[in-house]
Amino acid sequence: MNKSLLYICGLLLVGILFSSCQRTVFFTGSSQTGVFYNQLALRTGGAGAGGFSPYKRKYRRGRQIEPNDVFHTVGVSFLPGVDNHLGEFKFGYPTIGFHYTPRFNLFKWGGYKGSFALEFPIHFGVSIGTDFVSYPNPVIARQFQKESTNFTAEVPMCFTFNFGHNATKKSYQDFGGFFGLGYSFAYLPHGRTGSYIASTNSVTYNLPIGHGPHVRGGFRFRTGTLSWQIYGSFMYSLYTSSYLAGTGLGITIGRW
């Protein structure tokens, strides 16, 4: 047989196989479920404008597979530091700034009414305050304690339970909330507990780094097509002697 004829037959076979693959859609799952969706895709023209689209819906064991929800929230925040020794906000260092929180839903529960998620509520801003150091007399205190302005930031990693509004992309309630627990790292130029050395008339400070357990919680609500979030948080610092609290208001990007 002529080799050119063999090549032509081979190309025809490849074309027939390719066209048959284009028209056949397979779904994993039980035999009845797979047959049903395969027949539905073929009868309605596959990805036709008026029919069932296998490119929009994927099924596994009879259940539709959906991508995990991802949310992005931005807003303003207020982070007052707290003195570890006295535990009072009036001895803290107010920080005004912004926050950005990406949230990744790991799984959903309650028919899209709740979710368990991993989020990174990043805070950054400008803090105004003085260091927490005990001095032997007011004269020495005035010598060392000077008010200053610095940059403050916190980067927590937190697992949260979300319920109600905006817990998932298909949570249509007008009100909801969340609470969670994680671990946080922070840059704290204020609130460092220093040690006064009388022999050298000087003060030594800890590094302006804080880290420790982080708890947070808040509410979400809708006004029109906007989704709002109010939160509160607290970091128990294990390294420095200053805690870091936080509160803020944010809006989730998108229409809800």
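In case you missed it, the structure is sitting above this.
Attention in this report is confined to the structure presented alongside it.

The rules we used
Just so you know, the residues in each chain are numbered from 1, in the order the chain's sequence is written. Thresholds applied to this predicted model are a pLDDT of at least 70 for local features of residues and 80 or more for the giving and counting of side-chain atom pairs; totals over whole chains, interfaces and linings are not thresholded and use all residues. Side-chain calculation: all heavy atoms of the structure are included, whereas hydrogens and water are not. Strands are runs of DSSP state E lasting at least two residues, helices are runs of H or I lasting at least four, and both sets are numbered from the N terminus onward. Relative accessibility under 20% of the residue-type maximum defines a buried residue, over 50% an exposed one, and the middle range a partly exposed one, all with a 1.4 Å probe and only protein chains included. Only heavy atoms enter the contact rule, under which two residues are in contact if any of them lie within 4.5 Å. We call a set of buried Ala, Val, Leu, Ile, Met, Phe, Trp, Tyr and Cys residues a nonpolar core when their side-chain atoms join them within 4.5 Å. Any two strands are treated as partners once DSSP identifies two or more bridges connecting them.

Tracing the sequence through the fold places threonine 95 in strand β5 (residues 95–109). Overall, the relative accessible area of 1% leaves threonine 95 in the buried class. Once residues lying within four places of it in the same chain are set aside, the contact partners of threonine 95 are Ser77, Phe78, Leu79, Gly125, Val126, Ser127 and Thr152.

Membership of the largest hydrophobic core is limited to 7 residues, which are Leu79, Tyr93, Phe132, Ala186, Leu188, Met235 and Leu244. Among all residues touching methionine 235, those that are not within four sequence positions of it are Glu154, Ser184, Ala186, Leu188, Gly210, His211, Gly212, Pro213, His214, Tyr243 and Leu244. In this structure, Tyr135, Ile140, Tyr196 and Val203 belong to the second largest nonpolar core, which totals 6 residues.

The side chains of a regular strand alternate between the sheet's two faces. Pairing between strand β6 (residues 114–119) and strand β8 (residues 148–164): 6 bridges, direction antiparallel. Counterpart to phenylalanine 116 in the pairing with β8 is phenylalanine 161. Relative to β8, strand β7 (residues 122–129) runs antiparallel, the two being bridged by 7 bridges. Within β8, the position partnered with serine 127 by the bridge is asparagine 150. By the bridge criterion, 12 bridges tie β8 to strand β9 (residues 175–187) in an arrangement that is antiparallel. Across the sheet, residue glutamate 154 finds its bridge partner in β9, namely alanine 186.

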